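Next come the chains, spelled out residue by residue.
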Amino acid sequence: MHLESRRGQESRRYLLDFGFTPDVYANNLDLLKIDVGTVDALIISHGHYDHVGGLLGFLEAYRPRMRKDLRLYTGGEDNFCSRFNRGSDGSFTNFGAPLDRRRLRALDIEPVLSEAPIIIEGHAFTTGAVPRTSIEHVLPNTWVEYGVRDGLGCDASAYMNHHFTSEELAGNPVPDQHWHEHATCFRLGDRGLVVISSCGHAGIINTLRRAQEITNIDKIYALVGGFHLAPAPDDYLAKVMAELKKFDLEHVMPMHCSGQNFIDLAKREIPEKLVLCGTGSTFTFTA
């Protein structure tokens, strides 16, 4: 996503997540006429390759046009882990290469890792790591390996608020919990919060509660992004929808991994709130 916020005469611009490949990302930048020279910060929601795969190639092509003191904000060490898909026969295949810190340094990009909520260039803010407090759990996705090999991967000792089991530390893939996935948020004046979940592996209810908790603002104006409910069984999806309806949301804008199953249910349960989105869609919220 390309995000732009204004407060009085002050503007900020952010790029949030970077797709599978730099070629597609560059193509979309061109189609949408986005000037990378005006970008104030880069944000990664989590370490899945379909969110970080295009980043390094994009930077290698566009870095000279961008501000010198450019920071890359990410929720924590977990986003640098090696991740795998597991086949029906139990075998593992790489889900893309993990993000390479050495190449980021060579491109003069400063990663900012924060498990705690953090304000990004004065306007946007993150939820930080999302506590798992609701009926939700992480639905099956990738497997993850903790440890650093040949300079790539994540250092388990660099996690602030997580204690690993011996199995997790053994260097074998374990089910992925996305401990450091965060949401990107804005306060829309008195209308409340705009919460962008990107994938929401930690649960969209958990994510909304976290945004409320750290801001002391109950009103959620819009929930935007991927909700990772495509693999949800019908009974689980119904429970999540029942919890979602308890929030005073004006707009629900499912994208990416939210699932046609969620969209179909939303059309029945919250049709007045549902906004359908596609690549290239542009939305403007006003305070």
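Quick summary incoming for the structure in this document. (Residues numbered from 1 in each chain as written. Predicted model: local features only at pLDDT ≥ 70, side-chain atom pairs only at ≥ 80, totals over all residues. Heavy atoms only, no water.)

## What about the layout of surface pockets?
1) Next: The calculated volume of the second largest pocket comes to roughly 200 Å³.
2) Next: Residue lining of the second largest pocket: Glu115, Ala116, Ala129, Val130, Pro131, Arg132, Tyr159, Asn161, His162, Trp179, His180 and Arg210, and that is the complete set.
3) Next: Tallied by class, the residues present in the lining of the second largest pocket amount to six nonpolar, three polar and three charged. (1 Å grid on protein atoms, 1.4 Å probe; cavity = no way out; pocket = protein on both sides within 12 Å on 5 of 7 lines; lining within 4 Å. Points joined across faces, edges and corners; volume = space filled by probe spheres on them. Nonpolar A, V, L, I, M, F, W, Y, C, P; charged D, E, K, R; others polar.)

## Quick notes on the packing of aromatic side chains
1) Next: Scanning all chains against the criterion turns up 14 aromatic pairs.
2) Next: If you follow arginine 101 out to its NZ or CZ, it ends over the ring of phenylalanine 80, 4.1 Å from the centre. (Phe/Tyr/Trp six-rings, centres within 6.5 Å; stacked < 30°, edge-to-face > 60°. Lys NZ or Arg CZ within 6 Å of the ring centre and 35° of its normal.)

## Considering the sheet that holds strand E17 (residues 251–255)
1) Next: Across the sheet, which stays open at both edges, the six strands sit in the order E8-E9-E14-E15-E16-E17 with mixed pairing between neighbours. This sheet does not close on itself; its edge strands, each paired only once, are strand E8 (119–120) and E17.
2) Next: Note: strand E15 (residues 193–196) against strand E16 (residues 220–226), four bridges, orientation parallel. Its bridge partner lying in E16, valine 194 is registered against alanine 222.
3) Next: Against the sheet, helix H5 (residues 204–215) makes contact with strand E9 (124–126), strand E14 (184–187), E15 and E16, and its axis sits at roughly 140° relative to E15, the strand it touches most. (Pairing = 2+ DSSP bridges. Helix = DSSP H or I, 4+ residues; strand = E, 2+ residues; numbered from the N terminus. Contact = heavy atoms within 4.5 Å. Axes fitted to C-alpha atoms, helices over the stretch in contact; angles between N-to-C directions.)

## Details of the sheet that holds strand E10 (residues 143–145)
1) Next: Overall, antiparallel pairing links the four strands, which are arranged E6-E5-E10-E13 in an open sheet. Looking along the sheet, the strands with just one partner apiece sit at the ends: strand E6 (92–94) and strand E13 (174–175).
2) Next: Of the pairings in the sheet, the one linking E10 to E13 comprises two bridges and is antiparallel in character. If you follow tryptophan 143 over to E13, its bridge partner there is proline 175.

## Observations concerning helix H1 (residues 22–31)
1) Next: The set of residues buried in H1 consists of Tyr25, Ala26 and Leu29. Buried residues in H1, looked at end-on, bunch into an arc of 95°, giving them a common side. Exposed positions of H1 whose direction lies more than 90 degrees from the buried face are Asp23 and Leu31.
2) Next: Directly beyond the C-terminal end of H1, a positive phi value near 60° is found at lysine 33. (Buried < 20%, exposed > 50% of the residue type's maximum accessible area, 1.4 Å probe, protein only. Arc of directions from axis to C-beta.)

## Thoughts on the pattern of salt bridges
1) Next: Per the counting criterion, the structure on display carries 21 salt bridges.
2) Next: Residue arginine 7 is joined to glutamate 10 by a salt bridge in which the shortest nitrogen-to-oxygen separation is 2.8 Å.
3) Next: Judged by relative accessible area, which is 28%, glutamate 10 ranks as partly exposed.
4) Next: A salt bridge links glutamate 10 to arginine 12; its shortest N-O distance comes to 3.4 Å.
5) Next: Members of the salt-bridge network, linked through shared partners, are Glu4, Arg6 and Arg13. (Salt bridge = Lys/Arg side-chain N within 4 Å of Asp/Glu carboxyl O.)

## Things to note about the packing of H5 against helix H6 (residues 234–244)
1) Next: Closest axis-to-axis distance for the H5/H6 pair is 10 Å, and the angle between their directions is 20°. With respect to each other, H5 and H6 are oriented roughly parallel. Between H5 and H6 lies a crossing whose hand is left-handed. Counting all contacts with H5, which are made through Ile204, Ile205, Leu208 and Arg209, the residues of H6 involved are Val240, Glu243 and Leu244.
2) Next: Classifying every residue of the contact of H5 with H6 by side-chain character gives five nonpolar, no polar and two charged. (Parallel < 35°, antiparallel > 145°, perpendicular 65-115°, else oblique. Left-handed = near helix turned anticlockwise from the far one by under 90°.)

## Topic: the environment of leucine 276
1) Next: With respect to the helices and strands, the residue leucine 276 is situated in the segment after helix H7 (260–269).
2) Next: Along the chain, leucine 276 and threonine 184 lie 92 residues apart, while their C-alpha atoms are 20 Å from each other.

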